[in-house]
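# Analysis of the macromolecular model
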Amino acid sequence: MDEGIGELRAGNLGLRIARSPEELDAAQALRYRVFYEELGARPDPVAAASGRDRDVYDAVADHLLVVDHDLGHGPRCVVGTYRLIRREAADAIGRFYSADEYDMDVIERFPGRVLELGRSCVDSAYRGRAAMQLLWRGIAAYIFIHNIDLMFGCASLPGTDVDLLAPDLTYLHAHHLAPPDIRLRALPERFVDMQRMDPAAIDGRKILTGLPPLIKGYLRLGGFVGDGAVIDHQFNTTDVAVVVQSDLVTGKYYRHYGRDRR
């Protein structure tokens with residue numbers, strides 16, 4: 001991690017903040033492979049030519065990296081990544097990344113320190129529990145170091161057919177809607193109603209089991225969803241806003257981080 005904390009370890013896997021332009025480039029290459037080549041996102045000509053998923057936020061963000069030390073050293077070892085944007089970094093751009101999809105008023109009014117999470121992906125060969133747990137431990141350490149009070153971001157359901165996703169969207173809205181003071185709302189021109197069927201007709205346990213791992217991870221930490229989904233045709237996903245109070249994360253993962261510091 002940054003600021004002298006060192007690297008978190010779990011067997012052959014390590015987690016740290018990207019240390020060089022080469023490591024950031026490796027994270028962008030991994031994002032391209034996962035989002036565009038594997039999951040069917042549509043690259044613009046620049047992304048297609050470079051084989052990289054890049055935008056202006058990368059330069060101001062911190063990038064968590066999962067590295068496999070069994071592969072040696074350097075950028076080729078990067079097998080997972082998560083992008084972290086603090087309020088100060090967003091101010092340098094003039095807005096948060098999620099502002100393209102959600103009204104940021106509740107975030108702007110929030111009195112504490114906030115963190116936007118995004119661009120999470122793990123190489124297909126590393127999608128067992130260890131890599132994702134390591135990323136969550138890294139986030140817990142990061143929010144502890146930077147005194148983050150609230151974190152948020154967009155999480156994705158696969159595909160853009162909201163009728164097929166109706167049980168998932170309805171379940172999330174019925175059971176995990178954020179309190180009004182931290183409830184992000186989709187922009188009016190992009191708003192897709194999440195209440196698409198009778199919640200009583202849904203097998204909640206089955207829906208929860210089938211949700212993408214990232215969304216399940218947020219919910220296990222006591223996270224909430226915002227009001228309204230957003231269809232992202234470029235990335236072939238339907239997005240929901242997620243908000244997590246950071247003390248819930250540190251409460252669950254700080255003991256792991258603390259052991260690594262001793």
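Residues numbered from 1 in each chain as written. Predicted model: local features only at pLDDT ≥ 70, side-chain atom pairs only at ≥ 80, totals over all residues. Heavy atoms only, no water.

## Brief notes about the pattern of salt bridges
- In the structure shown here, the tally under the stated rule is 17 salt bridges.
- With its nearest N and O atoms 3.9 Å apart, the salt bridge here joins R196 to D163. On the criterion of sequence distance, the pair formed by R196 in the loop between β8 (185–186) and α7 (204–210) and D163 in the loop between β7 (150–158) and α6 (166–176) is long-range, its members being 33 residues apart.
- Between R185 and D227 there is a salt bridge, with its nearest N and O atoms 2.4 Å apart. Residue R185 is located in strand β8, and its partner D227 is located in the loop between β9 (224–225) and β10 (230–232); the two are separated by 42 residues in the primary sequence.
- Several salt bridges converge on common partners, so that one network encompasses R31, D53, D55, D58, R83 and R119. (Salt bridge = Lys/Arg side-chain N within 4 Å of Asp/Glu carboxyl O. Helix = DSSP H or I, 4+ residues; strand = E, 2+ residues; numbered from the N terminus.)

## Describing the side chain of D239
- With respect to the helices and strands, the residue D239 is situated in strand β11 (residues 237–245).
- Of the side chains with opposite charge, R190 comes closest to the buried, unpaired D239, at an N-O distance of 6.3 Å.
- One polar contact links D239 to S156, side chain to side chain, over a distance of 2.7 Å.
- Setting aside its immediate chain neighbours within four residues, D239 contacts E101, Y102, C154, A155, S156, A229, V230 and D232. (Buried < 20%, exposed > 50% of the residue type's maximum accessible area, 1.4 Å probe, protein only. Lys, Arg positive; Asp, Glu negative; His and termini not counted. Polar contact = N/O pair within 3.5 Å; in protein donor to acceptor, adjacent residues only side chain to side chain. Contact = heavy atoms within 4.5 Å.)

## So, the nonpolar core
- By size, the foremost hydrophobic cluster in this structure holds 47 residues, and its most contacted members are Y82, I139, L172, Y218 and V240.
- Of all the elements, helix α5 (residues 129–145) adds the most residues to this core, at nine residues.
- Counting 21 residues, the second-largest nonpolar core is a separate cluster that includes F96, M104, L150 and V243. (Core = buried A, V, L, I, M, F, W, Y, C linked by side-chain atoms within 4.5 Å.)

## Things to note about a negative patch on the surface
- On the surface, a cluster of negative charge is contributed by D91, D103, D105 and E108.
- Looking at the secondary structure, you find D103 in strand β5 (residues 102–103). (Patch = residues over 30% accessible without salt bridge, like charges linked within 9 Å, V, L, I, M, F, W, Y side chains within 5 Å. Areas by Shrake-Rupley, 256 points an atom, 1.4 Å probe, with all protein chains shown as cover. Charge placed at Lys NZ, Arg CZ, Asp CG, Glu CD.)

## Overview of the confidence of the model for the chain
- Here the chain averages 91 in pLDDT, and 93% of its residues register 70 or above.
- Overall, residues 255–262 carries pLDDT values under 50, and its contacts beyond four positions in sequence, including any with other chains, amount to 11 contacts. (pLDDT = per-residue confidence, 0-100.)

## Structural notes on helix α1 (residues 21–38)
- Between the first and last C-alpha of α1 there are 24 Å, a value that for 18 residues agrees with the 26 Å anticipated at 1.5 Å per step.
- Along α1, the residues classified as buried are E23, L24, A26, A27, Q28, A29, L30, R31, Y32, V34, F35 and Y36.
- Elements in contact with the buried residues of α1: β2 (13–17), α2 (45–50), β3 (62–68), β4 (78–86) and β6 (114–122).
- Of the residues trailing α1, G40 is marked for its positive phi of about 85°. (Expected span 1.5 Å × (residues − 1).)

## Remarks on the pairing of β2
- Along β2, five of the five residues are buried, which leaves the element largely enclosed by surrounding structure.
- Taking every second residue as pointing to the same face, both faces of β2 are buried, with L13, L15 and I17 on one and G14 and R16 on the other.
- As defined by bridge partners, strand β1 (residues 8–10) adjoins β2 across three bridges and the pair is classed as antiparallel. Within β2, the position partnered with L8 by the bridge is L15.
- Pairing of β2 with β3 involves five bridges; the strand directions are antiparallel. (Pairing = 2+ DSSP bridges.)

## Focus on the packing of aromatic side chains
- Under the counting rule described, the total for this entry stands at seven aromatic pairs.
- For the ring pair Y32 and Y36, a centre distance of 4.8 Å and an interplane angle of 20° mean the geometry is stacked. Linking Y32 with Y36, this pair stays in helix α1, spanning four residues, or about one helical turn. For the pair shown, Y32 and Y36 are each scored as buried.
- Look at F35 and F235: their rings are 5.9 Å apart centre to centre, the planes differ by 80°, and that puts the pair in the edge-to-face class. With F35 in helix α1 and F235 in the loop between β10 and β11, the pair connects residues that are 200 residues apart, well separated along the chain. Residues F35 and F235 agree in their burial class; the two are buried.
- In textbook terms, an aromatic cluster arises when at least three aromatic residues are bridged by ring pairs, as seen for Y32, F35, Y36 and F235. (Phe/Tyr/Trp six-rings, centres within 6.5 Å; stacked < 30°, edge-to-face > 60°.)

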